Amino acid sequence: MTTPEERRKNAQAGSFGTAAEAYERGRPPYPPEAVTWLVPEHAKIVVDLGAGTGKLTRALRAPGREVVAVEPSAGMRERFSQVLPDVPVLEGTGESIPLPDRSADALVCAQAWHWVDPERAVPEVGRVLRPGGWLGLVWNLRDVSVPWVAELDRILRDYAAAPTEDRQVERVGAPFGPVERQDFRWRYPMTADDAMDMVASRSYVITLEPAIREELLGRVRALLDTERPSGMPYVTECYRAELRQP
Ligand SMILES: C[S@@+](CC[C@H](N)C(=O)[O-])C[C@H]1O[C@@H](n2cnc3c(N)ncnc32)[C@H](O)[C@@H]1O
């Protein structure tokens, strides 16, 4: 029997496919310096877990490196294959990764670790990585120290119960070593339309009643029309942990 909180989380986790298009247009990329910090230089096989439409995958690609994407949503996988036709994208989750034991040098999970059940995902990632491999977790967060960005967040909170902000980083334990953290600050050039897509692609906005969703989007549009921002300030929050030798 699932609890209401679990049902809400499952509905939101499964909602992404319906908004793959807006997601692709509205979500920001990841800064290269964050990827350099998250993936060891020698990594030849890298898994992008919860790859979505491949926003992080694009930054993970490098000469001499093979990237494999894992994604549960059929809609996201379809959009992924249109954007990155030469990168394999497998159906799977953090709890069940369709890859052999010790087959990857690094696994990165962007904006998705909060959806997994860490009790099952931590040993599963430990199974797929080679000893000495790295687990990387990353989130792009809007920089709310900027006043109009703080106002945007206030509007979102008025309408939508934002998903629990528990990123579950502290639940990464054995067989991994200590978790390290590094933040990267940057600004993503973005038009008002891009910002609207970014809001519309949030799982907790997608799942609102249509009339309430429209009202929320109207208020966001009014704010953006007033502020006319030239870009969105972001903090990219990164974590990494090494798989211990057996
Ligand atoms: C916010 S999107 C992030 C997509 C992509 N990584 C990015 O950075 O743009 C979250 C993704 O996690 C996926 N997801 C949901 N539950 C998951 C799970 N248990 N294991 C792995 N991925 C999951 C969703 O289908 C969705 O594509």
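Remember, predicted model here, so these are calculated numbers, not experimental data. (Residues numbered from 1 in each chain as written. Predicted model: local features only at pLDDT ≥ 70, side-chain atom pairs only at ≥ 80, totals over all residues. Heavy atoms only, no water.)

Enquirer: Any chance you could explain the overall build of the chain here in plain terms?
Expert: When helices and strands are tallied, the chain shows 10 helices and 7 strands. In the chain, which comprises 246 residues, the proportion classed as buried is 55%. Partitioning the contacts of the chain with sequence separation of at least 6, the portion at a separation of at least 24 is 79%. As presented, the chain carries roughly 11600 Å² of accessible surface, and 52% of it is formed by carbon and sulfur atoms. (Helix = DSSP H or I, 4+ residues; strand = E, 2+ residues; numbered from the N terminus. Buried < 20%, exposed > 50% of the residue type's maximum accessible area, 1.4 Å probe, protein only. Contact = heavy atoms within 4.5 Å. Areas by Shrake-Rupley, 256 points an atom, 1.4 Å probe, with all protein chains shown as cover.)

Enquirer: Sorry, what's going on with the environment of Val68 here?
Expert: Checked against the element boundaries, Val68 lands in strand β2 (residues 66–70). Using a relative accessible area of 8% as the deciding quantity, one classes Val68 as buried. A sequence separation of 21 residues divides Val68 from Val47, and the C-alpha atoms of the two residues are 4.9 Å apart. Excluding anything up to four places from it in sequence, Val68 contacts Val46, Val47, Asp48, Pro88, Leu90 and Leu99.

Enquirer: For this particular structure, what's the right way to read the packing of helix α7 (residues 147–159) against helix α10 (residues 210–227)?
Expert: The description of two packed helices rests on the angle between their axes and on the distance between the axes. At their nearest, the axes of α7 and α10 sit 10 Å apart, and the two run at 170 degrees to each other. Of the possible angle classes, the one that applies to α7 and α10 is roughly antiparallel. Where α7 abuts α10, its residues Trp148, Glu151, Leu152, Ile155, Leu156, Asp158 and Tyr159 lie against Ile212, Glu215, Leu216, Arg219, Val220, Leu223, Leu224 and Glu227. (Axes fitted to C-alpha atoms, helices over the stretch in contact; angles between N-to-C directions. Parallel < 35°, antiparallel > 145°, perpendicular 65-115°, else oblique.)

Enquirer: Explain α10 here, please?
Expert: Because the α-helix completes a turn every 3.6 residues, residues three or four places apart line up on one side. For α10, built from 18 residues, the straight-helix expectation of 26 Å at 1.5 Å per residue is met to within 8% by its first-to-last C-alpha distance of 26 Å. Residues of α10 that are buried: Leu216, Leu217, Val220, Leu223 and Leu224. For α10, the buried positions fall inside an angular range of 120 degrees around the axis, keeping them on one side. Exposed and facing more than 90 degrees away from the buried side of α10 are Ala211, Glu214 and Thr226. Turning to α10, the residues buried within the fold contact α7 and α8 (192–200). Positive phi appears at Arg228, one or two residues downstream of α10, with a value of about 45 degrees. (Expected span 1.5 Å × (residues − 1). Arc of directions from axis to C-beta.)

Enquirer: Explanation requested: the pattern of salt bridges in the structure shown.
Expert: Think of it this way: side chains of opposite charge can pair up when their charged atoms draw near. In the structure shown here, the tally under the stated rule is 18 salt bridges. Residues joined by salt bridges that share partners form a network here, namely Arg167, Arg181, Asp183 and Glu237. (Salt bridge = Lys/Arg side-chain N within 4 Å of Asp/Glu carboxyl O.)

Enquirer: Help me out: how do you make sense of the packing of aromatic side chains in this one?
Expert: The geometry of an aromatic ring pair comes down to the distance between the two centres and the angle between the two planes. For the structure shown, the criterion picks out 3 aromatic pairs. Taking the centre distance of 5.5 Å and the plane angle of 25 degrees together, the rings of Trp186 and Tyr234 count as stacked. Here Trp186, found in strand β6 (residues 180–189), pairs with Tyr234, found in strand β7 (residues 231–242); they are 48 residues apart in sequence, far enough to count as distant. Just as Trp186 is buried, Tyr234 falls in that class too. Members of the aromatic cluster, each reached through a chain of ring pairs, are Trp186, Tyr188 and Tyr234. Positioned over the ring face of Trp139 is Arg167, at 5.7 Å from the centre of the ring. Directly above the ring of Trp37 sits Arg240, whose terminal nitrogen or CZ lies 4.1 Å from the centroid. (Phe/Tyr/Trp six-rings, centres within 6.5 Å; stacked < 30°, edge-to-face > 60°. Lys NZ or Arg CZ within 6 Å of the ring centre and 35° of its normal.)

Enquirer: Just to check I follow, could you spell out the sheet that holds β7 for this structure?
Expert: Strand pairs in the sheet, formed through backbone hydrogen bonds, run parallel or antiparallel to each other. Strand order in the open sheet formed by 7 strands is β3-β2-β1-β4-β5-β7-β6, with mixed pairing between adjacent strands. Across the chains shown, the open sheet's two edge strands, defined by having one partner strand only, are β3 (89–90) and β6. Looking at chain direction, strand β4 (residues 104–110) and strand β5 (residues 129–142) are connected through 6 bridges and run parallel. Opposite Ala110, over in β5, you have Val138 as the bridge partner. Sheet strands touched by helix α6 (residues 118–128): β4 and β5. Its angle to β5, the strand with the most contacts, is close to 130 degrees. Against the sheet, α7 contacts β5 and β7, and its axis sits at roughly 80 degrees relative to β7. (Pairing = 2+ DSSP bridges.)

These figures come from the coordinates and say nothing about function on their own.
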